[in-house]
Amino acid sequence: QVQLVESGGGLVQAGGSLRLSCAASGSIANFNVMGWYCQAPGKQRELVASITSGGSTNYADSVKGRFTISRDNAKNTVHLQMNSLKSEDTAVYYCNFKLRGSTIVFWGQGTQVTVSS
């Protein structure tokens with residue numbers, strides 16, 4: 001059983017930065033796609049950014065130019081560098097890993113990001 005452990009969330013002022021991390025622990029696995037999703041109160045969980053095993057990235061329009069996703073395949077870790085944070089970014093952020101060679105996906109526990117005005 002793969003478990004994803006998230007860290008890096010917190011409370012910041014608008015314009016500030018946070019770096020979220022998510023690492024698979026307790027098991028060893030390879031993942032095809034790693035991504036970050038956010039869920040704000042009353043909203044659906046939405047894709048923020050994703051990255052393939054080959055390094056191709058995809059970003060939601062709202063975060064392009066501000067957020068950067070990266071991964072360390074050897075460590076089965078994904079990061080989300082969040083710069084120029086806005087109050088609209090306030091949400092719970094979840095990492096999501098797709099297991100290579102399978103349709104199985106894993107979710108992190110979620111980490112709260114709160115951006116004050």
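Here the structure is shown first, and the text comes after it.
Residues numbered from 1 in each chain as written. Predicted model: local features only at pLDDT ≥ 70, side-chain atom pairs only at ≥ 80, totals over all residues. Heavy atoms only, no water.

A. Expanded view of the overall build of the protein. When helices and strands are counted, the protein shows 0 helices and 11 strands. The C-alpha atoms of the protein give 14 Å as radius of gyration, which agrees with the globular expectation for 117 residues (13 Å, within 12%). Here the protein holds 117 residues, and the buried ones make up 39% of them. Considering only contacts within the protein whose residues lie at least 6 apart along the sequence, 52% involve residues at least 24 apart. Carbon and sulfur atoms provide 48% of the accessible area of the protein, an area that totals close to 6,200 Å². A gap of 6 Å separates the mean positions of the 10 positive and 6 negative side-chain charges of the protein. (Helix = DSSP H or I, 4+ residues; strand = E, 2+ residues; numbered from the N terminus. Rg over C-alpha atoms; globule rule 2.2 N^0.38 Å. Buried < 20%, exposed > 50% of the residue type's maximum accessible area, 1.4 Å probe, protein only. Contact = heavy atoms within 4.5 Å. Areas by Shrake-Rupley, 256 points an atom, 1.4 Å probe, with all protein chains shown as cover. Lys, Arg positive; Asp, Glu negative; His and termini not counted. Charge placed at Lys NZ, Arg CZ, Asp CG, Glu CD.)

B. Local environment of the sheet that holds strand β1 (residues 3-7). The strand order across the open sheet formed by 4 strands is β1-β3-β8-β7, and the pairing between neighbours is antiparallel. Strands at the two margins of the open sheet, each flanked by one partner only, are β1 and β7 (67-72). Neighbour to neighbour, the strand axes of the sheet diverge by 15° on average, direction disregarded. As judged from the 6 bridges shared by β7 and strand β8 (residues 77-82), these two strands associate in the antiparallel manner. By the bridge assignment for β8, Ile 69 is matched with Leu 80. (Pairing = 2+ DSSP bridges. Axes fitted to C-alpha atoms, helices over the stretch in contact; angles between N-to-C directions.)

C. A look at the nonpolar core. Residues Trp 36, Val 48, Val 78, Leu 80, Met 82, Tyr 93 and Phe 97 are the most contacted members of the largest nonpolar core, which totals 30 residues. Elements with a minimum of two residues in this core: β3 (18-25), β4 (31-39), β5 (46-52), β7, β8, β9 (91-99) and β11 (111-116). Ignoring anything within four residues of it in the chain, the contact list for Tyr 93 reads Glu 6, Leu 20, Trp 36, Tyr 37, Cys 38, Val 48, Phe 67, Leu 80, Met 82, Gly 110, Thr 111 and Val 113. (Core = buried A, V, L, I, M, F, W, Y, C linked by side-chain atoms within 4.5 Å.)

D. Inspection of the state of the cysteines at higher detail. Inspection of the entire model under this criterion finds 1 disulfide. One disulfide in the model links Cys 22 with Cys 95; its S-S distance is 1.9 Å. Disulfide Cys 22-Cys 95: torsion about the S-S bond near 55°, hence right-handed. Taken together, the residues Cys 22 in strand β3 and Cys 95 in strand β9 connect sequence positions 73 residues apart. Of all cysteine sulfurs, the one in Cys 95 lies closest to Cys 38, which takes part in no disulfide; the gap is 13 Å. (Disulfide = S-S within 2.5 Å.)

Fair warning: the whole summary comes from geometry, so function is off the table for now.
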